[in-house]
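Okay, here's what each chain looks like letter by letter:
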Amino acid sequence: MRFASAMAVAALALAAAGCERKPAAPGPSPARAPTPSATAEAAGDSILIGHVASLTGDQATYGVSSDNGIKLAIAELNAKGGVKGRRLALRTYDDEGIPEKAAAAATRLAVHDQVAVLLGEVASSRSLAMAAIADGTGVPMISTASTHPRVTRDRGRTRPYVFRVCFVDPFQGAVMAKFAREHLRLAKVAVLRDVGNDYSVGLADFFVARFEELGGTIVSDQGFKAGDRDFQVQLTAIASTRPQMIYVPAYYADVALIGRQARELGIGVPLAGGDGWDSDRLFEIARGALDGSYFTDHYTHENPAPLVQRFVQRYREAYGAVPDAAAALGYDAARVAADAMSRAPDLSGPALREAIGKTKDFPGVTGRISLDASHDAVKPAVVIGIERNVGRYLTTVEP
Ligand code: PHE
């Protein structure tokens, strides 16, 4: 039984992904390039959704998870008849984790492929690179997981065509600051941030501001660059200030190495971080070095709510893995997009943008999704604790 339904979901997922090859959706060949006046709707009977993701590179689990979540959502929606009586089709381009490639992929999807909506990216630096293209082309974009405030805001003004289904970093940073100060009762914390990463710099700043507001002291604030392999200098400087915790708001591959080198240097205090820690690769690389550490996240697969457990089971059947936050947010973003499409009078950019902006109390697996005037979702965060190289749900923090 399980096997049969696993095959069914996998087949549906493949069918959804395979739709991009149908002549209904114009392919990359210039001979097939749609006329400038053609809309995504007119391009055939299926509705084309674009996705920009890091399917390869140092942050590959983000892109692969996000893509899997989106494919599962589309398979389920198509099994129920699609949207407006039309099937949904997905076209994903790999940006290899590079912002410039994310911008190029978004341009191609919006201008050449004429997608109805752009989904992605997970990483803030890449969503920031895509955002101007969504606004410039008038194709609505829903960032699945990017938490930097500027993703939806440009010079103090809300970007008209850019939305996200996740919470933002001023909140995420405050959650860990409060947890460290009030739950763990820590007074002295060090920070180690990725200075070339918008998300890392922003989240570190928001954590520091709130931790100090709550009466704590930041004893050291060090930087590194993604891809660095040796963190001895920074960790030694940090150790000399005797912090009770080290806040490392970075991506999983770097965090895992930092955790291992900290233990090698005899630093036994917990590390802490944010959603960027959420990847199976974190644990594979860390091999126990992060036991006793904590991170904030968007969701937990341990949530017993039927909606979440159904999602976890179907995802497992289709991909043989427990969905992480990037997968859950990809799934939610695709379903929010489809919900807006079904409410919109037509699938033009302006109509769809209106409908997305009106999303209210949408039942996501990452929580109820209501988009505010800033195009951000106001949602709770969870705190995960790592024990025996496994992340376990600890608590939920409301906005
Ligand atoms: N929030 C991170 C960013 O903005 C990306 C991320 C989200 C990574 C969820 C993992 C899981 O860059």
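Above this note sits the structure.
Residues numbered from 1 in each chain as written. Predicted model: local features only at pLDDT ≥ 70, side-chain atom pairs only at ≥ 80, totals over all residues. Heavy atoms only, no water.

Chemist: Even after reading the chapter, I still don't get the sheet that holds strand β11 (residues 271-273), so can you show me in this structure?
Modeler: Sheets are built from strands paired through backbone hydrogen bonds, the pairs being either parallel or antiparallel. Strand order across the open sheet formed by seven strands is β9-β8-β10-β11-β12-β15-β16, with mixed pairing between neighbours. Edge strands, defined here as strands with exactly one partner in the open sheet, are β9 (217-224) and β16 (390-397). Taken pair by pair, the neighbouring strands of this sheet meet at an average axis angle of 25 degrees, ignoring direction. The pairing of strand β8 (residues 188-194) with strand β10 (residues 245-247) spans three bridges and is parallel. Residue pairing in the sheet places V189 in a bridge with M245 of β10. Where helix α7 (residues 232-239) meets the sheet, its contacts fall on β8, β9 and β10, and the angle it forms with β9 comes to roughly 175 degrees. Seen against the sheet, helix α8 (residues 252-264) touches β8, β9 and β11 and runs at an angle of roughly 165 degrees to β11. (Pairing = 2+ DSSP bridges. Helix = DSSP H or I, 4+ residues; strand = E, 2+ residues; numbered from the N terminus. Axes fitted to C-alpha atoms, helices over the stretch in contact; angles between N-to-C directions. Contact = heavy atoms within 4.5 Å.)

Chemist: What should I look at first to understand the sheet that holds strand β1 (residues 47-53) in this one?
Modeler: The sheet built from five strands is open, its strands ordered β2-β1-β3-β4-β7 with parallel pairing. Taken across any chain shown, the strands that pair with only one partner, and hence form the sheet edges, are β2 (88-94) and β7 (162-164). Pairs of neighbouring strands in the sheet enclose a mean axial angle of 25 degrees, with direction left out of account. With two bridges joining them, strand β3 (residues 117-119) and strand β4 (residues 141-143) adopt parallel strand pairing. Counterpart to L119 in the pairing with β4 is I142.

Chemist: Just checking my understanding: could you explain the environment of A209 for this structure?
Modeler: In this structure, A209 sits in helix α6 (residues 198-213). Spatially, the C-alpha atom of A209 lies 8.3 Å from that of A174, the residues being 35 residues apart in sequence.

Chemist: I keep staring at the packing of aromatic side chains and nothing clicks. Help me out?
Modeler: Both the distance between ring centres and the angle between the ring planes are used here to describe each pair of aromatic rings. On inspection of all chains with the given rule, the structure shows 13 aromatic pairs. Taking 5.3 Å as the distance between ring centres and 15 degrees as the angle between the ring planes, the aromatic pair formed by Y199 and Y251 counts as stacked. Residue Y199 is found in helix α6, and its partner Y251 is found in the loop between β10 and α8; the two are separated by 52 residues along the sequence. Members of the aromatic cluster, joined through ring pairs, are Y299, F311, Y315, Y319 and Y331. The positively charged end of R353 is found above the aromatic ring belonging to Y161, 5.6 Å away from the centroid. (Phe/Tyr/Trp six-rings, centres within 6.5 Å; stacked < 30°, edge-to-face > 60°. Lys NZ or Arg CZ within 6 Å of the ring centre and 35° of its normal.)

Chemist: Hey, could you run me through the pattern of salt bridges in this one?
Modeler: Side chains that carry opposite charge are capable of pairing whenever their charged atoms lie near each other. Tallying each qualifying case throughout the model produces 21 salt bridges. With a closest N to O distance of 3.1 Å, E76 and R314 form a salt bridge. Note that E76 is positioned in helix α2 (residues 60-79) and R314 in helix α10 (residues 306-319), a separation of 238 residues in sequence. In this structure E76 comes out as buried when scored by relative accessible area, which is 18%. (Salt bridge = Lys/Arg side-chain N within 4 Å of Asp/Glu carboxyl O. Buried < 20%, exposed > 50% of the residue type's maximum accessible area, 1.4 Å probe, protein only.)

Chemist: Looking at this structure, I do not really get the environment of R155. What am I missing?
Modeler: With respect to the secondary-structure elements, R155 resides in the loop between β5 (153-154) and β6 (157-158). The class for R155 is exposed, based on a relative accessible area of 78%. Among the polar contacts listed, one links the side chain of R155 to the side chain of D154, at a separation of 3.2 Å. (Polar contact = N/O pair within 3.5 Å; in protein donor to acceptor, adjacent residues only side chain to side chain.)

Chemist: Would you take a moment to explain the packing of α2 against helix α11 (residues 325-343) for this structure?
Modeler: Helix-helix packing: each pair is described by the crossing angle between the helix axes and the interaxial distance. One way to put it is that α2 packs onto α11 with a least axis distance of 7 Å and a crossing angle of 40 degrees. Classified by the angle their axes make, α2 and α11 are oblique. Like other packed secondary-structure pairs, α2 and α11 cross with a definite hand, here right-handed. On the side of α2, the interface is formed by Y62, S65, S66, G69, I70, L72, A73, E76 and L77, while α11 contributes A326, A327, G330, Y331, A334, R335 and A338. When the residues that make up the contact of α2 with α11 are grouped by side-chain class, the tally is 10 nonpolar, four polar and two charged. (Parallel < 35°, antiparallel > 145°, perpendicular 65-115°, else oblique. Left-handed = near helix turned anticlockwise from the far one by under 90°. Nonpolar A, V, L, I, M, F, W, Y, C, P; charged D, E, K, R; others polar.)

Chemist: Hey, could you run me through the site of the ligand in this one?
Modeler: In the region of the ligand, the neighbouring residues are Y62, V122, A123, S124, A145, S146, T147, Y199, Y251, D275, G276 and H298. Taking Y251, its side chain carries an N or O atom lying 2.5 Å from an oxygen atom of the ligand. At a separation of 2.6 Å, a nitrogen atom of the ligand approaches a polar side-chain atom of D275. Here the ligand loses 100% of its free accessible area of 330 Å² to cover by the protein chains. A molecule is said to occupy a pocket when more than half its atoms come within 2 Å of that pocket's grid points, and by this definition the ligand occupies the largest cavity. Counted by class, the shell around the ligand contains six nonpolar, five polar and one charged residues. Counting only domains with at least three residues in the shell around the ligand, you end up with domain 1 (3-167 + 305-379) and domain 2 (169-297). (Near = heavy atom within 4 Å. Areas by Shrake-Rupley, 256 points an atom, 1.4 Å probe, with all protein chains shown as cover. 1 Å grid on protein atoms, 1.4 Å probe; cavity = no way out; pocket = protein on both sides within 12 Å on 5 of 7 lines; lining within 4 Å. Sits in = over half its atoms within 2 Å of the grid points. Domains from an automatic or database assignment.)

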